[in-house]
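# Inside the fold
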Amino acid sequence: FRRVLFRSRLHGLDEKNVVLAQQNPDVIDAGVFHNDVIAVGNGNVLFCHELAFVDQHGVMNEIGVKLGKSFVPIQVTNDEVSVEDAVESYLFNSQLLTLAGGGMLLLVPEECRTNTRVWNYLQKLVTMGTPISEVLVMDLRESMKNGGGPACLRLRVELTEKELAAVNPATLMNDTL
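Residues numbered from 1 in each chain as written. Predicted model: local features only at pLDDT ≥ 70, side-chain atom pairs only at ≥ 80, totals over all residues. Heavy atoms only, no water.

### Considerations on the overall build of the protein chain
Looking only at helices and strands, the protein chain features eight helices and six strands. Reading the protein chain from its N terminus to its C terminus gives the helix and strand order α-α-β-β-α-β-α-β-β-α-α-β-α-α. A burial count over the protein chain gives 35% of its 177 residues as buried. Across the protein chain, every contact between residues at least 6 apart in sequence was considered, and the portion connecting residues at least 24 apart equals 66%. Carbon together with sulfur atoms contributes 53% to the accessible area of the protein chain, which is approximately 10,700 Å² in total. (Helix = DSSP H or I, 4+ residues; strand = E, 2+ residues; numbered from the N terminus. Buried < 20%, exposed > 50% of the residue type's maximum accessible area, 1.4 Å probe, protein only. Contact = heavy atoms within 4.5 Å. Areas by Shrake-Rupley, 256 points an atom, 1.4 Å probe, with all protein chains shown as cover.)

Listed below in structure tokens is the structure:
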């Protein structure tokens, strides 16, 4: 605990804005070796499994207090998607992106579409009135064979107009992101 608090100070974070959330040991035992296997966030939205953290209710409350009314937790229940299905499909290894026109897009690996429970949940998610209004699937199997993986969806690169013009257009996913 002290080490984490010390690191947050080294990063110049104000302690009154820091939430120290412990990952649930039961999900670690189920294959969740990093937090990004069980939760992903963007801006004011936290998309996570209901079993992601020790004292999940307390963690959500503390984040809500510190972020204010704008905080939007989206918690997937174990009945909807088991921890095992989440790990197998890399559901939370996804990228959550803010769309230019508002709302958010959840960029997920192909394994989410091939897992029936996960895909059914994602189809429902975009109709639930949450900020996540779209789901886009990417096939990352080649990346995973070469030592990459779903975490490569998390890479964000900000480009100037000049830098963007130099990028091969065939490599761009969607110019509306």
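### Overview of the nonpolar core
Grouped together as the largest cluster of nonpolar side chains are 20 residues, with contacts concentrated most on Phe-47, Leu-91, Leu-106, Tyr-121, Leu-122 and Leu-125. Secondary-structure elements contributing two or more residues to this core are strand E2 (45-49), strand E3 (72-76), strand E5 (104-109), helix H6 (116-125) and strand E6 (132-138). Here this core takes four residues from H6, the largest share from any one element. In terms of nonpolar packing, the next biggest core, distinct from the first, is built from 14 residues, Val-37, Ala-39, Met-60 and Phe-71 among them. (Core = buried A, V, L, I, M, F, W, Y, C linked by side-chain atoms within 4.5 Å.)

### Examining the pairing of E3
As paired strands, E2 and E3 are joined by five bridges and run parallel to one another. When the sheet's bridge partners are listed, Cys-48 is paired in E3 with Gln-75. On the question of chirality, the crossover connecting E2 to the parallel E3 by way of helix H3 (residues 56-67) is right-handed. (Pairing = 2+ DSSP bridges. Right-handed = clockwise from strand over helix to strand, strands pointing away.)

### Details of the pairing of strand E1 (residues 39-42)
The sheet contact formed by E1 and E2 spans four bridges and is antiparallel. Bridge pairing links Asn-42 to Val-45 in E2.

### So, the layout of surface pockets
The space that makes up the second largest pocket amounts to roughly 350 Å³. If you trace the second largest pocket, you find 14 residues lining it, with Val-19, Ala-21, Leu-46, Phe-53 and Ile-63 closest to the centre. Of all the secondary-structure elements, those providing two or more residues to the lining of the second largest pocket are E2 and H3. In the lining of the second largest pocket, the residues fall into nine nonpolar, five polar and no charged. (1 Å grid on protein atoms, 1.4 Å probe; cavity = no way out; pocket = protein on both sides within 12 Å on 5 of 7 lines; lining within 4 Å. Points joined across faces, edges and corners; volume = space filled by probe spheres on them. Nonpolar A, V, L, I, M, F, W, Y, C, P; charged D, E, K, R; others polar.)

### So, unusual backbone geometry
In this structure, Asp-55 takes a positive phi of about 50° despite not being glycine. By secondary structure assignment, the location of Asp-55 is in the loop between E2 and H3. Of note in this structure, Tyr-90 is not a glycine but carries a positive phi near 60°. Tracing the backbone shows Tyr-90 in the loop between helix H4 (83-89) and strand E4 (95-98). A residue is classified by how much of its surface remains accessible, and Tyr-90, at 26% relative accessible area, is partly exposed.

### Comments concerning the sheet that holds E6
With mixed pairing, three strands are arranged side by side in an open sheet as E4-E5-E6. Bordering the open sheet on either side are E4 and E6, each of which pairs with just one other strand. With direction set aside, neighbouring strand axes in the sheet form an average angle of 25°. With four bridges connecting them, E4 and E5 associate as antiparallel partners. Bridged to Gln-95 within E5 is Leu-107. Lying over the sheet, H6 contacts E5 and E6, oriented at roughly 145° with respect to E6. (Axes fitted to C-alpha atoms, helices over the stretch in contact; angles between N-to-C directions.)

In short, shape yes, function no, at least from these values alone.
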